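So you can see what is in the structure, the chains are spelled out below.
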Amino acid sequence: MNHNNADQLLTIDLKTEEADFDAIKKYKDIKTIRFNNCSDNFTIPDQLGTINTLKSLKFFSNGKSNFSCPNNLHLMQQVRHLQLWTHCDLGHIPVLQQIKELEISIKDPIKDLENVLISFPNLTGLELWGSKYKDKQLSKKIGDFKHLKSLALVPCGLSTLPPEIVKLKQLT
């Protein structure tokens, strides 16, 4: 485990270590935990839901295979920010009402965005990353994110946005 005291960030490399709750709870006031090398069957301790200072979870794949988000994320009611990076299977994420900000790397700007809308209905901030959108459209469902105040499309290559984007009245 690598702990950065200034950022209150704990990084856990799942390739070389487990997410051991007893070791994690030693770090007081931890705000963010980053899990590197997530693979298909990784887990995080349920007890992370008891760390009141924990506000952000970040998951990065091993780059070789898809990974599913841990099925116990709904227990992390204090977490407001989630980052899902590269090869995350979006079809199996439960509804996570508590997540307000999401940074995500997506492959299919239509299907993946529709899965995001189902799993994260209360987003106020959304950052979509992906470089393979050229010739593809963003889902018309983008207009259904009724709480969205911030939308970032980072290097996406989209040439146009769907007209439904105007439904996002709170965008600043």
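Report follows, based on the coordinates. As the structure is a computational prediction, the values presented were derived from the model and not from experiment.

The rules we used
Just so you know, the residues in each chain are numbered from 1, in the order the chain's sequence is written. Local features in this predicted model are restricted to residues of pLDDT 70 or higher, and side-chain atom pairs are both shown and tallied only at a pLDDT of 80 or more, whereas totals for entire chains, interfaces and linings draw on every residue. Excluded from the side-chain calculations are hydrogens and water; all other atoms, namely the structure's heavy atoms, are used. Segments assigned H or I by DSSP are reported as helices when at least four residues long, segments assigned E as strands when at least two residues long, and all are numbered from the N terminus. Exposure categories follow from relative accessible area, calculated using a 1.4 Å probe and restricted to protein chains: below 20% of the type maximum is buried, above 50% is exposed, and the middle band is partly exposed. Throughout, a contact is declared for two residues whenever any of their heavy atoms are within 4.5 Å. Only the protein chains shown count as cover for residues, with accessible areas throughout obtained via the Shrake-Rupley method and a probe of 1.4 Å. Here is the rule: rings of Phe, Tyr and Trp (six-membered ring for Trp) pair when centre to centre is within 6.5 Å. Planes less than 30 degrees apart are stacked, more than 60 are edge-to-face, and the remainder are tilted. Among buried residues, those of type Ala, Val, Leu, Ile, Met, Phe, Trp, Tyr and Cys that are joined through side-chain atoms within 4.5 Å constitute a nonpolar core. Salt bridge criterion: a side-chain nitrogen from Lys or Arg within 4 Å of a carboxyl oxygen from Asp or Glu. Here a polar contact is taken to be a pair of N or O atoms separated by no more than 3.5 Å, where protein atoms must pair a possible hydrogen donor with a possible acceptor and residues adjacent in sequence count only if both atoms sit in side chains. Here, strands pair whenever DSSP counts at least two bridges between them.

A closer look at the overall build of the chain
- Along the backbone of the chain there are 2 helices and 10 strands.
- Going residue by residue from the N terminus, the α and β elements of the chain occur as β-β-α-β-β-β-β-β-β-α-β-β.
- Counting all 172 residues of the chain, 44% fall into the buried class.
- Relative to all contacts within the chain whose residues are 6 or more apart in sequence, the contacts with residues 24 or more apart total 48%.
- Accessible surface, the chain: about 9,200 Å² in total, of which carbon and sulfur atoms supply 48%.

Overview of the packing of aromatic side chains
- Applying the stated criterion across every chain, the model contains 3 aromatic pairs.
- Taking 5.3 Å as the distance between ring centres and 10° as the angle between the ring planes, the aromatic pair formed by Phe35 and Phe59 counts as stacked. Note that Phe35 is positioned in strand β3 (residues 32-38) and Phe59 in strand β4 (residues 56-61), a separation of 24 residues in sequence. Neither Phe35 nor Phe59 differs from the other in exposure class; each is buried.
- Where Phe60 meets Trp85, the ring centres are 6.1 Å apart and the plane angle is 40°; that geometry is what we call tilted. In this pair, Phe60 is assigned in strand β4 and Trp85 in strand β6 (residues 81-85), connecting sequence segments 25 residues apart. Side by side, Phe60 and Trp85 carry an identical accessibility label, which is buried.
- The rings of Phe60, Trp85 and Trp129 are connected pair by pair, giving a single aromatic cluster.

A word on the nonpolar core
- Ranked by size, the top nonpolar core spans 46 residues in total, and within it Phe35, Leu57, Phe59, Leu84 and Leu126 carry the most contacts.
- Sorting the residues of this core by element identifies β2 (9-13), α1 (21-24), β3, β4, β6, β8 (101-105), α2 (111-119) and β9 (125-129) as the ones contributing at least two each.

Observations concerning the pattern of salt bridges
- Evaluated as defined, the whole model comprises 1 salt bridge.
- One salt bridge in this structure joins Asp22 and Lys25, with 3.5 Å as the shortest N-O distance.
- Look at Lys25 and you get partly exposed, because its relative accessible area is 44%.

Focus on α2
- Looking only at α2, the buried set comprises Asp112, Leu113, Asn115, Val116, Leu117 and Ser119.
- The inward-facing, buried residues of α2 contact β8 and β9.

Quick word on the environment of Gln78
- Here Gln78 lies in the loop between β5 (67-68) and β6.
- When the C-alpha positions of Gln78 and Leu48 are compared, they lie 9.5 Å apart, and in sequence the two are 30 residues distant.
- Discounting residues that sit within four places of it in the chain, Gln78 has contacts with Leu48, Gly49, Ile51, Asn52, Leu54 and Lys55.
- Here the side chain of Gln78 touches Ile51 through a polar contact of 2.9 Å, landing on its backbone oxygen.

A look at the pairing of β4
- Counted residue by residue, β4 has 5 buried out of 6 residues, so it is predominantly covered.
- Two strands pair when backbone bridges link them, and β3 and β4 are joined in this way by 5 bridges, in the parallel orientation. Directly across from Phe35, in β4, lies its bridge partner Phe59.
- With 5 bridges joining them, β4 and β6 adopt parallel strand pairing.

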